[in-house]
Amino acid sequence: NQDVWGPIDYVFKYNGETICITEGKKDQLDKGVIQNIAQLAAVADHRKRKISEISSEEKPIYGIATTYLNWQFLVLKDGMVTQSSIISIKDANRDDVGGIIGRIVSLLNTGKG
């Protein structure tokens, strides 16, 4: 997309699902979220050009913005972005880390079936 530039930190594809991950600077999760939304839009634009002759169905694209201590999960579907509440890791708490890993695994398994 000509309106968005810069690399996407990480992109994963699994079971037909796409997840874009953006690393934000410490205490600047909001800037990471904005960058992630721009990256989701760029991936969606690229995808539309590739599948326009094949299908009119638009699959969601998932985004994660993180500062490693704070995590924000996003979904882009039908041109709309929705966000989860912010999940925080406090003092390397295993339950917090496990919850984030569980959320990522859930996204990856969405495309099964």
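Residues numbered from 1 in each chain as written. Predicted model: local features only at pLDDT ≥ 70, side-chain atom pairs only at ≥ 80, totals over all residues. Heavy atoms only, no water.

Draft legend 1. Examining the pattern of salt bridges more closely. On inspection of all chains with the given rule, the structure shows one salt bridge. With a closest N to O distance of 3.2 Å, Glu17 and Lys59 form a salt bridge. Here Lys59 lies in the loop between α1 (29–51) and β3 (61–66) and Glu17 lies in strand β2 (residues 17–23), a separation of 42 residues in the sequence. On the basis of relative accessibility, which here comes to 31%, the residue Lys59 falls in the partly exposed class. (Salt bridge = Lys/Arg side-chain N within 4 Å of Asp/Glu carboxyl O. Helix = DSSP H or I, 4+ residues; strand = E, 2+ residues; numbered from the N terminus. Buried < 20%, exposed > 50% of the residue type's maximum accessible area, 1.4 Å probe, protein only.)

Draft legend 2. Broad picture of a nonpolar patch on the surface. Taken together, Tyr10, Phe12 and Tyr68 make up a surface patch of nonpolar side chains, about 330 Å² in accessible area. Looking at where Tyr68 falls in the secondary structure, it is placed in the loop between β3 and β4 (70–77). (Patch = residues over 30% accessible without salt bridge, like charges linked within 9 Å, V, L, I, M, F, W, Y side chains within 5 Å. Areas by Shrake-Rupley, 256 points an atom, 1.4 Å probe, with all protein chains shown as cover.)

Draft legend 3. Structural view of the nonpolar core. If you look at the biggest cluster of nonpolar residues, it comprises ten residues: Cys20, Leu29, Val33, Leu40, Val43, Ala44, Ile61, Ala65, Leu74 and Leu76. Mapped onto this core, the elements with two or more residues apiece are α1, β3 and β4. Broken down by element, this core gets its largest block of residues, five residues, from α1. Of all hydrophobic cores here, the second largest spans nine residues; its members include Ile19, Tyr62, Phe73 and Ile100. (Core = buried A, V, L, I, M, F, W, Y, C linked by side-chain atoms within 4.5 Å.)

Draft legend 4. Layout of the pairing of strand β1 (residues 10–14). Pairing analysis gives five bridges linking β1 to β2, with the strands arranged antiparallel. Bridge pairing in β2 places Phe12 opposite Ile19. Following β1, the chain reverses through two residues before pairing antiparallel with β2; Asn15 in that reversal takes a positive phi of roughly 55°. (Pairing = 2+ DSSP bridges.)

Draft legend 5. Structural detail: the environment of Glu17. Glu17 gets classed as buried once you look at its relative accessible area, which sits at 3%. Along the chain, Glu17 and Leu108 lie 91 residues apart, while their C-alpha atoms are 6.4 Å from each other. Within the local environment of Glu17, its side chain forms a polar contact with the side chain of Lys59, the two groups lying 3.2 Å apart. (Polar contact = N/O pair within 3.5 Å; in protein donor to acceptor, adjacent residues only side chain to side chain.)

Draft legend 6. Representation of the confidence of the model for the chain in the model. When pLDDT is averaged along the chain, the result is 80, and 81% of the positions lie at 70 or above. When pLDDT is averaged over each element of the chain, β3 comes out on top at 93 and α1 at the bottom at 81. (pLDDT = per-residue confidence, 0-100.)

Draft legend 7. The arrangement of the side chain of Ser84 in detail. Summarising the element assignment, Ser84 is placed in the loop between β5 (80–83) and β6 (87–88). Classification of Ser84 as buried rests on a relative accessible area of 15%. Not counting the four nearest positions on each side in its chain, Ser84 is found in contact with Gln72, Phe73 and Arg103. (Contact = heavy atoms within 4.5 Å.)

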